[in-house]
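Architecture and fold: a report
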Amino acid sequence: MLELSPFLYIFIGLAVIFGGILRGICGFGFSLTLVVALTFFLPPLLSTSLIFLWEILASFLHLPFVWKHVDWKAIKWLCLGCALGTPLGVYSLILIPPTPMTILINVTVIILSLVMLRGYTLKRNLNAFEIVGTGTISGVINGASANGGPPVILLFFSSPAGANVGRASLIAYFLFTDCCASSILAVKGLMTLEILFTALCYIPCLALGIWIGSKFYHRIDERKFKRFVIILLIIISSFGCLKALLS
């Protein structure tokens, strides 16, 4: 266990519950909540390690309940594209300064989100080549800025497949990307037993948040839910721009 003050243990627990509620509602948003909350008190690398572990635990807790809605065919092609794109994203850091790239990525996401907010949706499901392309873009962004979720979120919530499929598929996809990222951190020695035990102690808070969020989700109209997801994505991308400008 990490040696933290009683106040910090309680504060982290409340943050995990709130992040879990967002995760339970729309399948993402947990990381943004915890990044904002934890970086006020903990070193960035420690915060990142804890968040990735909680994301993985959240997916394992949540996935059994949405398994039947996951578009596994799309997930397969997305993961292939992500695996192809991530090394390109890492290499791009050598060629392009990270701050302009992060701003460009987030501004693009905001523009696309605003277009969706005005009512644009895909008229058909994407084919395998197009899904691999989306996964590759996600991988490039993930390798360059560790924020490869927005292209996949836009893909699922602009498709005609429906909110249940989009939410469930995001949970499955993020399990893949979070496991990959955590493996890299573990190889670099940044996933210690202390961090693992601390993350495990908050499973009740995480489970409670996801349960509350899932209850909210089942009471939300699908159209309103998609609007909520798009607005949340705009907030996340705006935060990414602000963070890049201040770094």
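The following refers to the structure shown. (Residues numbered from 1 in each chain as written. Predicted model: local features only at pLDDT ≥ 70, side-chain atom pairs only at ≥ 80, totals over all residues. Heavy atoms only, no water.)

A few words now on helix α9 (residues 193-201). An α-helical turn contains 3.6 residues, so a residue and the one three or four places further along point in the same direction. For α9, the full list of buried residues reads Ile195, Thr198 and Ala199. Down the axis of α9, the sector holding all buried residues measures 100°, keeping them to one side. The inward-facing, buried residues of α9 contact α3 (44-66) and α10 (203-217). (Buried < 20%, exposed > 50% of the residue type's maximum accessible area, 1.4 Å probe, protein only. Helix = DSSP H or I, 4+ residues; strand = E, 2+ residues; numbered from the N terminus. Arc of directions from axis to C-beta. Contact = heavy atoms within 4.5 Å.)

The volume enclosed by the second largest pocket comes to roughly 370 Å³. Leu112, Pro151, Leu154, Leu155 and Ser158 are, among the 16 residues lining the second largest pocket, the residues nearest its centre. Broken down by secondary-structure element, the contributors of at least two residues to the lining of the second largest pocket are α5 (98-117), α6 (128-145) and α7 (149-158). Looking at the lining of the second largest pocket element by element, the count peaks at six residues for α5. (1 Å grid on protein atoms, 1.4 Å probe; cavity = no way out; pocket = protein on both sides within 12 Å on 5 of 7 lines; lining within 4 Å. Points joined across faces, edges and corners; volume = space filled by probe spheres on them.)

Glancing now at the nonpolar core. One finds Ile12, Phe28 and Trp54 to be the most contacted residues of the largest nonpolar core, which totals 69 residues. Of all the elements, α3 adds the most residues to this core, at eleven residues. Setting aside anything within four residues of it in sequence, one finds Phe28 in contact with Leu22, Arg23, Ile153, Leu170, Phe174, Val229, Leu232 and Ile236. (Core = buried A, V, L, I, M, F, W, Y, C linked by side-chain atoms within 4.5 Å.)

It is worth spelling out the environment of Ile141 at this point. Within the secondary structure, Ile141 sits in helix α6. For Ile141, a relative accessible area of 9% translates into the label buried.

Two elements in contact, helix α1 (residues 6-26) and helix α8 (residues 163-187), have axes whose closest approach is 8 Å; the angle formed by their N-to-C orientations is 125°. The angle between α1 and α8 falls in the class oblique. Residue-level inspection shows Arg23, Gly24, Ile25 and Cys26 of α1 in contact with α8, the latter providing Arg167, Leu170, Ile171, Phe174 and Asp178. Residues of the contact of α1 with α8, tallied by class, amount to five nonpolar, one polar and three charged. (Axes fitted to C-alpha atoms, helices over the stretch in contact; angles between N-to-C directions. Parallel < 35°, antiparallel > 145°, perpendicular 65-115°, else oblique. Nonpolar A, V, L, I, M, F, W, Y, C, P; charged D, E, K, R; others polar.)

Our next topic: the packing of aromatic side chains. Overall, the coordinates contain nine aromatic pairs when judged by the stated rule. Their ring planes at 65° and their centres at 5.0 Å tell us that Phe11 and Phe41 sit as a pair that is edge-to-face. Here the residue Phe11 occupies a position in helix α1, and Phe41 occupies one in the loop between α2 (30-38) and α3, the gap between them amounting to 30 residues. Since its relative accessible area comes to 25%, Phe11 is described here as partly exposed. Between Phe30 and Trp54, the aromatic rings sit 6.5 Å apart at their centres with planes inclined by 80°, giving edge-to-face as the arrangement. Here Phe30, found in helix α2, pairs with Trp54, found in helix α3; they are 24 residues apart in sequence, far enough to count as distant. When its relative accessible area of 0% is taken as the criterion, Phe30 is described as buried. Taking the relative accessible area as the measure of exposure, Trp54 reaches 0% and is therefore buried. An aromatic cluster is defined as three or more aromatic residues linked by ring pairs; in this entry it consists of Phe7, Phe11 and Phe41. (Phe/Tyr/Trp six-rings, centres within 6.5 Å; stacked < 30°, edge-to-face > 60°.)

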